[in-house]
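Each chain, letter by letter, is given below.
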Amino acid sequence: MAFLLRKIVHNDAMKEDPPEIYNRRAFLLACSSCFGAMSFGMDGAIISGVIVLPEFIADYGLNTAGKVAVANLQANIVSTLQAGCFIGALNASWISDKWGRKIALTISAVVTFIGVILQFCSFHHLEPLYIGRFVAGLGVGCASMVNPLYIAENAPRAIRGALTGMYQFFIVFGAMIAFWINYGASLHLHGDVQYILPLAIQGLPAIFLFVGMLLCNESPRWFAQRDEWEKAKDTLRLLRGLPDGHPYLEEEFQEIFSQLGREREVLGDSSFWALVKEMWTIPRNRKTALISIALMVCQQMTGTNAINNYAPQMFKNLGIVGSSTSLFATGIYGVVKLTGVTIFLIFVADSLGRRRSLLWTSIGQGCCMLYIGIYIRIDPPLPGADVPPAGYVALICIFLFAAFFQFGWGPVCWIYVSEIPTTRMRSLNVALAAATQWLFNFVVARAVPNMLVSAGAYGYGTYMIFGSFCFSMFVFVWFFIPETKGIHLEQMDILFGSATMRGGKLDADEEKGEATSTAKEIDHADEVDKNTGKAIVTSH
C-alpha cells in the first residue's frame, strides 16, 4: 500500500513517515464512517428525481397547482431535509464530545433510518413526508459534522486530505446511485412503487453506517480529551500498525499530549459554553471559525446543490424534454461528479494541495455558470425545437461545472474545516461549519425553484448570480486561505497562531507563519510561504 501511495501522493510527509502507517485499517475506517456521507448524497438526489416522477406528481397533487405554487411545494419538500440537517449538525458537537465520535455516528444512522421509514410510509400525505425528511435530516446533519472530524482525527497526516475527502466521494457516490435509481424507476416502475422504492432505498446507507461503526475504533484524540491516555495510545498504535515505543508513534502521541496540556493549563474549563467563549474571544480560534464559516458559505453559493436538488428541472430549462430524458442526463451528471472527485482524491488532494485546488476551480466554475446564464438570456431554448449547438455547449458546461466542483470546493472545504482547529475546539468548529453548510444549503434549496421561474427570462439570473459568487471566491482564497497539506493536526498553530496565553495576554500571533511541508521544518520555521507551504528559516 505504501509503495503505491508514494507513487501517487507527493508531499514531504509521505517521504519521511514510516510505511506501516498506511495500512488497510485507515482506509476501512474512512469508508465505514463515510456511509453517513452517502446518506447525504442519496437523500438529496433521490428527492430531486422523485418530485418530477409522474406518479408522485399525481398522488401528491402537484399537477393541480399553478407554476409558482408547484415551485413552492417542491422547495418545501426538498428543503425540509436541510432544516433538519442544520439542527442535527448544531447538536452533534456536544454528542460527539460527550459520548464519542463512534457513538455519535451510530446514533445518526438510527435517526436517519427512522426518517426514511416515515418518508416511504407517507401514503399520499405531505405531512408525514415533511416529518420524515426533517427526522432524516437530523441524522444526516449529525453525521455531516462527525464524519470528517472522525476521519481527520484518525488519518495519517500524509493522506489526511484524501481520506477526509472520501466524505465528498461518498456524497457523490450516493447521489450518482440515486440519480440512476430515479431513471430506472421512471422507465420500469408504475403506480406508487415508482417513488416508494427510491424513497425506501435511502435507508441502505444508514444500515451500512450502523454496521460499520460496530467494527471501528473510537478516535484516539477523543480518548485523550477525556484523559484516557492508555486507551488513546493503544488506539493510536492499532491505527498506525506500529510496535509500542516506535519513534513515530511516540512523537505523534507526545504532540497530542503536549497540545492538550498547554490548552488546559492556560484555558482550564472545557464546558460547552466555555468552549464557545474561547472560540470567539481567542484570535486563533476566532480566525479558524470565521474561515470555516466563509468556506461553507462559499461552497453552497457555487450553486452545486441547486443542480443536485433540481437537476431535472435545470436540464429541462436547457431544452432537454421528457422526464426520463432529463433523469438520464442527471445520471450522466452523477457519473461526471464521481469521476472528478475520484481523480482529485487519488492524484491531487495531498499533492497539489488545498489552496491551489480552490483557486483554479473557482474560475472554472464561474466561467461555466456565466456561459449558461448568457446562453439562456440571449438564445433561450424554445419548446419543441431542437437544442442548438450553443445549447449543447451549455449542457457540457453543467458537466464541466460538476468536475470543477469535485476538484476543489466539494472535498477541500470538508478537509480544511476538520484539520485547522485545535484539538480542544475541533468538534465545535466542525459543527459550526457543518451547520453553516446546511443553513445555506437550505437557503439555496428553498430559493432556486422560485429563481428559475422569476430571476429573469427562463431563470437566466440564477446562473449569473452563482457565477458571480464563484469569481469572488477566488479573491477570498487568495488572501485568506493558507496551505495545510502534510501537516500534523497539532502543528496547525504555526499557520493560525497559538491558542494559548502568557502573562494574562493572548499569545495569538507570536509564532504566526504560513504552511510548511514537514513536521521537522515546522518546528524550526520562522515563517512559511503561503502559496507553496515551504518553510522559510532565518538564522538565529
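In this text the structure is predicted, and so the values were computed from the model without any measurement. (Residues numbered from 1 in each chain as written. Predicted model: local features only at pLDDT ≥ 70, side-chain atom pairs only at ≥ 80, totals over all residues. Heavy atoms only, no water.)

### Some thoughts on the confidence of the model for the chain
When the pLDDT values of the chain are averaged, the result is 83; 87% of them are 70 or greater. Of the regions scoring below 50 in pLDDT, residues 501-528 engages in 85 contacts with residues more than four places distant in sequence or in other chains. Throughout residues 532-540 the model reports pLDDT below 50, and contacts reaching past four residues in sequence, or to other chains, amount to 27 contacts. (pLDDT = per-residue confidence, 0-100. Contact = heavy atoms within 4.5 Å.)

### Digging into unusual backbone geometry
Despite not being glycine, Phe 123 shows a phi value in the positive range, around 50°. Exposure remark for Phe 123: the relative accessible area of 56% places this residue in the exposed category. (Buried < 20%, exposed > 50% of the residue type's maximum accessible area, 1.4 Å probe, protein only.)

### Quick look at the environment of Leu 345
Along the chain, the position of Leu 345 falls in helix α18 (residues 323-348). The class of Leu 345 is buried, set by a relative accessible area of 11%. When the C-alpha atoms of Leu 345 and Gly 161 are compared, they prove to be 7.7 Å apart, with 184 residues separating the residues in sequence. With sequence-adjacent residues up to four places away left out, Leu 345 is seen in contact with Gly 161, Ala 162, Gly 165, Met 166, Phe 169 and Pro 411. (Helix = DSSP H or I, 4+ residues; strand = E, 2+ residues; numbered from the N terminus.)

### Concerning the pattern of salt bridges
Scanning the entire structure with this criterion turns up 14 salt bridges. Between Asp 244 and Arg 237 there is a salt bridge; the shortest N-O distance is 3.4 Å. In this structure Asp 244 comes out as exposed when scored by relative accessible area, which is 56%. For Arg 237, a relative accessible area of 23% puts it in the partly exposed group. (Salt bridge = Lys/Arg side-chain N within 4 Å of Asp/Glu carboxyl O.)

### Comments concerning the packing of aromatic side chains
In this structure the tally under the stated criterion is 22 aromatic pairs. Between Phe 179 and Tyr 333, the aromatic rings sit 6.3 Å apart at their centres with planes inclined by 55°, giving tilted as the arrangement. Pair noted here: Phe 179 is in helix α9 (residues 160-188) and Tyr 333 is in helix α18, with a separation of 154 residues, a long-range link. Tyr 333 matches Phe 179 in its accessibility class, with the two residues each being buried. Taking NZ or CZ as reference, Arg 355 lies 5.3 Å from the ring centre of Trp 478, over its face. Above the ring of Tyr 460, the side-chain terminus of Arg 377 is found at 5.5 Å from the ring centroid. (Phe/Tyr/Trp six-rings, centres within 6.5 Å; stacked < 30°, edge-to-face > 60°. Lys NZ or Arg CZ within 6 Å of the ring centre and 35° of its normal.)

### Some words on the nonpolar core
Counting residues in hydrophobic clusters, the biggest one holds 145 residues, and the most contacted among them are Phe 56, Leu 295, Phe 315, Trp 409 and Val 448. Ignoring anything within four residues of it in the chain, the contact list for Trp 409 reads Leu 295, Cys 298, Gln 299, Thr 302, Leu 358, Thr 361, Ser 362, Gln 365, Met 473 and Val 477. Judged by nonpolar contacts, the second largest core, of six residues, contains Met 279, Ala 289, Met 425 and Leu 432. (Core = buried A, V, L, I, M, F, W, Y, C linked by side-chain atoms within 4.5 Å.)

### Quick notes on the packing of helix α19 (residues 354-378) against helix α21 (residues 411-419)
One can describe the packing of α19 onto α21 by two numbers: an axis separation of 10 Å at closest approach and a directional angle of 145°. Seen from above, α19 lies across α21 with left-handed handedness. Seen from α19, the contacting residues are Arg 354, Ser 357 and Leu 358; seen from α21, they are Val 412, Ile 415, Tyr 416 and Glu 419. Of the residues assigned to the contact of α19 with α21, the class counts are four nonpolar, one polar and two charged. (Axes fitted to C-alpha atoms, helices over the stretch in contact; angles between N-to-C directions. Left-handed = near helix turned anticlockwise from the far one by under 90°. Nonpolar A, V, L, I, M, F, W, Y, C, P; charged D, E, K, R; others polar.)

### Comments concerning the packing of helix α22 (residues 426-454) against helix α23 (residues 460-480)
Contact pair α22 / α23: the axes reach a minimum separation of 8 Å and the direction vectors enclose 135°. Classified by the angle between their axes, α22 and α23 sit oblique to one another. Of the residues in α23, those in contact with Val 444, Val 448, Met 451 and Leu 452 of α22 are Thr 462, Tyr 463, Ile 465 and Phe 466. Classifying every residue of the contact of α22 with α23 gives seven nonpolar, one polar and no charged. (Parallel < 35°, antiparallel > 145°, perpendicular 65-115°, else oblique.)

### Notes on the side chain of Ser 39
Among the structural elements, Ser 39 can be located in helix α4 (residues 35-50). Residue classification places Ser 39 among the buried residues on the basis of a relative accessible area of 3%. Discounting residues that sit within four places of it in the chain, Ser 39 has contacts with Thr 112, Val 140, Pro 205 and Ala 206.

### Digging into the environment of Gly 467
Examined against the element boundaries, Gly 467 turns out to sit in helix α23. Every residue in contact with Gly 467, bar those within four places of it in the chain, is listed here: Gly 366 and Met 369.

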